[in-house]
Amino acid sequence: ELFKAVNLWATKRCEEQGLSTDDGSEKRRILGERIVKRLRFPVMTQQEFSSVVLDCKILTQDEAFNLFKYFSSVPDTTVGFSEKKRIGSRGSFQRCCRFASVVHTDSGYPYPPGTKDCLIFTVDKEISLLGITLCGSRNCNYSVVMKVKNLDDGDYLCCKSGNFSSTLIRSIKSSESAEVFHYFGFSIFFDDPVVIREGVRHRVEASISGANSCFGQGGRKSVACLDRVKFDFRDSCESSNGTKAERGQFPEFHFTVT
């Protein structure tokens, strides 16, 4: 929707000045590189990009080619545009990355009917939990019901369900490391931020249906993030599909400090 508005504005300016809009070069000149480079093409779906962006011809052939490689999950593709999704009024957020690596075996990580992946966590500073990333497989769709429960008072704080598509995710080996690795997965953002109070035990639960996926390994029980927020992870007896602090699901937690 943002791109549509920007393109319409540039088209009107061209029409006012008697300039051609056939090849897109005049629209790009009027917009300027600063604006074009800040458009978040990677967060569009491939269908949106193909049906809305390409015909406007604002991008160069190389830019369009690299973005198609990105949508096709070609590893290490440099697109030159921000890959960070907007989260409305929530502002910028941090990620707690708890695994040293994410791997995919020949058989993969299965999701038998009636099972769920669970993990207990606490934080040493109050945060707003915005969402959680799950592992997946290349170009696969998953049906998920995710809940977060306050274990101290027994209340469920949120429930998010839906169908999600797995894409290539760029991550780091830990929150303190700059070493990058890639894996296939998808992030589920809650409708409203979930307040996680300091020192209170919470459990994240995910009932997942879909193809076998990759999974995390080398997980740490304590992860120090920026702004001096520390996550502590513990195994849950409710986890019936194999997720533990050391391996399994929930590779990343997205949050802001409150």
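All residue numbers refer to position in the chain's written sequence, counted from 1. In keeping with the model being predicted, local features are shown solely for residues with a pLDDT of at least 70 and side-chain atom pairs are shown and tallied solely at 80 or more, while totals for entire chains, interfaces and linings include all residues. Side-chain numbers here rest on the full set of heavy atoms in the structure, without hydrogens or water.

Student: Help me get a handle on the pattern of salt bridges, residues and values and all.
Tutor: What counts as a salt bridge is simple: a side-chain nitrogen of Lys or Arg found within 4 Å of a carboxyl oxygen of Asp or Glu. One pass over the full model with this rule turns up 12 salt bridges. Taking the shortest distance from any N to any O, the salt bridge between Glu26 and Arg29 comes out at 2.9 Å. One end of the pair, Glu26, and the other, Arg29, are both in helix H2 (residues 25–31), 3 residues apart, so they sit about a helical turn from each other. Three or more residues joined by partner-sharing salt bridges are found here, namely Arg28, Glu33, Lys37 and Glu63. We count a stretch as a helix when DSSP gives it H or I for four or more residues in a row; a strand needs E for two or more, and each element gets its number in order from the N terminus.

Student: Give a detailed account of the pairing of strand S3 (residues 117–123), specifying residues and quantitative values.
Tutor: Accessibility here uses a 1.4 Å probe with only protein chains present; expressed as a share of the type maximum, an area under 20% marks a residue as buried, one over 50% as exposed, and anything in between as partly exposed. With 7 of its 7 residues buried, S3 lies for the most part within the structure. Burial of the side chains of S3 extends over both faces: Asp117, Leu119, Phe121 and Val123 are buried on one face and Cys118, Ile120 and Thr122 on the other. Across 5 bridges, the pairing between S3 and strand S9 (residues 202–210) is antiparallel. Within the sheet, the bridge partner assigned to Ile120 lies in S9 and is Arg203. Two strands make a pair as long as DSSP finds a minimum of two bridges between them.

Student: Talk me through helix H5 (residues 61–71); I want residue IDs and the actual numbers.
Tutor: Along H5, the residues classified as buried are Glu63, Ala64, Leu67, Tyr70 and Phe71. The arc that holds the buried residues of H5, viewed along the axis, is 115°, so those residues lie on one side. Set apart from the buried face of H5 by more than 90 degrees, the exposed residues are Gln61, Asp62 and Phe65. Every residue pair with non-hydrogen atoms within 4.5 Å of one another is taken to be in contact. Lining the buried residues of H5 we find H2 and helix H4 (46–53). Trailing H5 by a residue or two, Ser73 shows a phi angle of about 60°, which is positive. Starting at the helix axis, one direction is taken to each C-beta atom, and the arc is that of these directions.

Student: Residues and numbers for the sheet that holds strand S12 (residues 230–234), please.
Tutor: Ordered by their spatial adjacency, 6 strands build an open sheet running S6-S5-S9-S3-S12-S11, and the pairing between neighbours is antiparallel. Among the strands making up the open sheet, the edge pair consists of strand S6 (155–165) and strand S11 (222–224). Recorded for the sheet is a direction-independent mean angle of 20° between the axes of neighbouring strands. Axis angles are defined between N-to-C directions and span 0 to 180 degrees, where every axis is a line fitted to C-alpha atoms and, for a helix, only to the segment in contact.

Student: An account of the packing of H4 against H5 is requested, with residue identities and associated values reported.
Tutor: Between two packed helices, what matters for the description is the angle formed by their axes and the separation of those axes. The geometry of H4 relative to H5 is characterised by a closest axis approach of 10 Å and an angle of 155° between their N-to-C directions. By the angle class used here, H4 and H5 are roughly antiparallel. The handedness of the crossing between H4 and H5 comes out as left-handed. Together, Gln46, Phe49 and Ser50 of H4 and Ala64, Leu67, Phe68 and Phe71 of H5 make up the contact between the two elements. Following the grouping adopted for this structure description, the nonpolar residues are Ala, Val, Leu, Ile, Met, Phe, Trp, Tyr, Cys and Pro, the charged ones are Asp, Glu, Lys and Arg, and the polar ones are all others, Gly among them. Tallied by class, the residues present in the contact of H4 with H5 amount to 5 nonpolar, 2 polar and no charged. Small angles under 35 degrees read as roughly parallel and large ones over 145 as roughly antiparallel, with 65 to 115 read as roughly perpendicular and the rest as oblique. Crossings are assigned a handedness: left-handed for a near helix turned anticlockwise from the far helix by less than a right angle, right-handed for a clockwise turn.

Student: Summarise the nonpolar core; cite the residues concerned and give the values.
Tutor: In these notes, a set of buried Ala, Val, Leu, Ile, Met, Phe, Trp, Tyr and Cys residues joined through side-chain atoms within 4.5 Å is what counts as a nonpolar core. Counting 35 residues, the largest nonpolar core has Leu129, Val144, Met146, Phe231, Phe233, Phe250 and Phe253 as its most contacted members. Broken down by secondary-structure element, the contributors of at least two residues to this core are S3, strand S4 (127–135), strand S5 (141–150), S6, strand S8 (180–196), S9, S12 and strand S14 (252–257). Take this core: its biggest share by element is 5 residues, from S8. If we ignore the near neighbours within four places in the chain, the residues touching Val144 are Leu134, Lys160, Ser161, Gly162, Phe164, Phe186, Ile188, Ser207 and Ile208. Counting residues in each nonpolar core, the second largest holds 18 residues, with Val6, Ala10, Leu39 and Cys56 among its members.

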